[in-house]
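Structure assessment
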Amino acid sequence: MSEYLQTVFGKFELRVHKKYQYSEDGLWVEASRVRVGVSDYLQRTGGDVAFVEVVMQGSAVERQTEFGTLETAKTTVSLLSPVSGTIEQVNGALSEKPELVNSDPYGEGWLVILAPRNLEDDLKTLMNADQYFELMLKKLETEHEQLEVR
């Protein structure tokens, strides 16, 4: 049995990790470690990641406030923290290999590990994998319809 919910849309195969929780902004949280990263949907729709910038280790972040950015050829994406806490660890590999966000968004492409401040309440604001998968499908359909109108 797969650890992902998957769909194919156009030329993309998109995955949602079943064990993670998600913000509407496309970030995931692995609650056991409070590891945060970018969903497959966000990295595919954003384009090839050229640069990742996040706040320094030890920085305090609030839920839904910017803690970094992803720069791609298409756009710059603000990263809004899905939970409040303190940055315990930053994925240093991304400074040398930002493409890890694209090639392995649920693994080696993680962004930060947080020491949560109010994890139980913050997790209540997030979606489970099934809910996020449905949201992703709706966004894909809307984008597809908009492209057809043009």
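The sections below set out a description of the structure shown in this document. Quantities reported herein were computed from a predicted structural model and do not represent experimental measurements. Here the residue index of a chain counts from 1 through its sequence in written order. Totals for whole chains, interfaces and linings use all residues, but because this is a predicted model, local features are given only for residues with pLDDT of at least 70 and pairs of side-chain atoms are given and counted only at 80 or more. Derived side-chain values reflect all non-hydrogen atoms in the structure, with water molecules and hydrogen atoms excluded from consideration.

What follows deals with the overall build of the chain. In DSSP terms, a helix is any run of H or I states spanning at least four residues, a strand is any run of E spanning at least two, and both are numbered starting from the N terminus. Looking only at helices and strands, the chain features 5 helices and 11 strands. Dimensions of the chain, computed from the C-alpha atoms along their principal axes, are close to 45 × 30 × 30 Å. For the chain, buried positions account for 45% of its 150 residues. Contacts are residue-level and defined by heavy atoms, with any inter-residue pair within 4.5 Å sufficient. Partitioning the contacts of the chain with sequence separation of at least 6, the portion at a separation of at least 24 is 61%. The Shrake-Rupley method, run with a 1.4 Å probe sphere, supplies the accessible areas, and residue values consider only the shown protein chains as cover. Total accessible area on the chain is roughly 8,200 Å²; 47% of this is exposed by carbon and sulfur atoms. For the purpose of charge, His is not counted, nor are the chain termini; Lys and Arg are scored as positive and Asp and Glu as negative. Taken as the charge centre is NZ of Lys, CZ of Arg, CG of Asp or CD of Glu, depending on the residue. Averaging the positions of the 15 positive and the 25 negative side-chain charges in the chain gives two centres separated by 3 Å. A 1.4 Å probe rolled over the protein chains alone gives each residue an accessible area, and that area as a share of the maximum for its type sets the label: buried under 20%, exposed over 50%, partly exposed in between.

Counting 23 residues, the largest nonpolar core has Leu27, Val38, Phe67, Leu70, Val101, Leu111 and Leu114 as its most contacted members. Taken together, the elements giving at least two residues each to this core come down to strand S4 (27-30), strand S5 (35-38), strand S6 (49-54), strand S8 (66-72), strand S9 (76-80), helix H3 (100-103) and strand S11 (112-116). Other than its neighbours up to four places away in sequence, Leu111 contacts Leu27, Val36, Gly37, Val38, Val52, Phe67, Leu79, Gln89, Val90, Asn91, Leu94 and Val101. Here, nonpolar core refers to any group of buried Ala, Val, Leu, Ile, Met, Phe, Trp, Tyr and Cys residues whose side-chain atoms link them within 4.5 Å.

Burial along S4 is two-sided: Leu27 and Val29 and Trp28 and Glu30, pointing in opposite directions, are all buried. When DSSP finds two or more bridges between two strands, those strands count as paired. Inspection of the sheet shows strand S3 (residues 21-22) paired to S4 by 2 bridges, in the antiparallel sense. Across the sheet, residue Tyr22 finds its bridge partner in S4, namely Trp28. Hairpin geometry of S3 and S4 is characterised by an intervening segment of 4 residues between the two adjacent antiparallel strands and by a positive phi of about 95° at Gly26. Sheet topology note: the S4/S5 ladder contains 4 bridges and is antiparallel. In the strand pairing of S5, Leu27 is matched with Val38. Counting the residues that bridge the hairpin from S4 to S5 gives 4 residues, and of these Val34 lies at a positive phi of roughly 50°.

What follows deals with the sheet that holds S9. Across the sheet, which stays open at both edges, the 3 strands sit in the order S6-S8-S9 with antiparallel pairing between neighbours. Each of the sheet's edge strands pairs with one partner strand only, and the pair in question is S6 and S9. Strand-to-strand twist in this sheet, taken as the mean axis angle between neighbours without regard to direction, amounts to 20°. Angular values range over 0 to 180 degrees, each being the angle between N-to-C directions of two axes fitted as lines to C-alpha atoms, with helices fitted over their stretch in contact.

Bringing the packing of aromatic side chains into the picture now. Classification of ring pairs uses Phe, Tyr and Trp, with its six-membered ring standing for Trp, and accepts pairs whose centres are within 6.5 Å; under 30 degrees between planes counts as stacked, over 60 as edge-to-face, and the remaining range as tilted. Across all of its chains, the model carries 5 aromatic pairs by this definition. Ring centres of Tyr22 and Tyr132 lie 4.5 Å apart, and the angle between their planes is 10°; this geometry places the pair in the stacked category. On the criterion of sequence distance, the pair formed by Tyr22 in strand S3 and Tyr132 in helix H5 (residues 129-149) is long-range, its members being 110 residues apart. By relative accessible area, which is 0% here, Tyr22 ends up buried. Exposure remark for Tyr132: the relative accessible area of 2% places this residue in the buried category.

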